[in-house]
Amino acid sequence: MSPRFGSGIVVEYAGARWRVQRALGVDAVLLRSEAGEEVSADPLQIRVPEATAPTGASPSLVDELRYTDADWTEATRRRDLLATLASKPSRTTSDVAAATLGVSRS
């Protein structure tokens, strides 16, 4: 989950303001309203209100066209790996090593 969706961050979803409780996985974020209502939301549907930009140099823009197909394939592989690990209720060092290296514990 992006740092911008950290616990406690105020966001806008479905026309209302919500506070992020926690990530439920790669495709869902648990939100809570001021009234205590909870909802699971798709991160792509959540809007983070504009923050006042600090004075100074603006962050550099990333040109996504500079990445090769191999770069995107590797990024997709890593995303899938992290999604698998994030979906496990508990992870061991062996789970992480096996998923990362593609080998079994033995």
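Residues numbered from 1 in each chain as written. Predicted model: local features only at pLDDT ≥ 70, side-chain atom pairs only at ≥ 80, totals over all residues. Heavy atoms only, no water.

1. Considering the side chain of Ser 33
Step number 1: Tracing the chain through its elements places Ser 33 in the loop between strand E3 (28-32) and strand E4 (38-41).
Step number 2: Excluding its chain neighbours within four sequence positions, the residues that come into contact with Ser 33 are Arg 17 and Trp 18. (Helix = DSSP H or I, 4+ residues; strand = E, 2+ residues; numbered from the N terminus. Contact = heavy atoms within 4.5 Å.)

2. A few points about the sheet that holds E4
Step number 1: In space, the four strands of this open sheet follow the order E1-E2-E3-E4, with antiparallel pairing throughout. Sheet topology places strand E1 (10-13) and E4 at the edges, where each strand pairs with a single neighbour. Neighbouring strand axes in the sheet, compared pairwise and without regard to direction, differ in orientation by 50° on average.
Step number 2: Here E3 runs beside E4; their pairing, made up of four bridges, is antiparallel. Bridge assignment links Arg 32 to a residue of E4, and that residue is Glu 38. (Pairing = 2+ DSSP bridges. Axes fitted to C-alpha atoms, helices over the stretch in contact; angles between N-to-C directions.)

3. So, the environment of Asp 27
Step number 1: Within the element layout of this structure, Asp 27 appears in the loop between strand E2 (16-25) and E3.
Step number 2: Classification of Asp 27 by relative accessible area gives exposed; the value is 63%.
Step number 3: Counting along the chain gives 13 residues from Asp 27 to Ser 40, while the straight-line C-alpha distance between them is 9.5 Å.
Step number 4: Excluding residues within four positions of it along the chain, Asp 27 makes contact with Ala 41, Asp 42 and Pro 43. (Buried < 20%, exposed > 50% of the residue type's maximum accessible area, 1.4 Å probe, protein only.)

4. A closer look at unusual backbone geometry
Step number 1: The backbone of Ala 14 sits at a positive phi, close to 55°, despite the residue not being glycine.
Step number 2: Structurally, the position occupied by Ala 14 is in the loop between E1 and E2.

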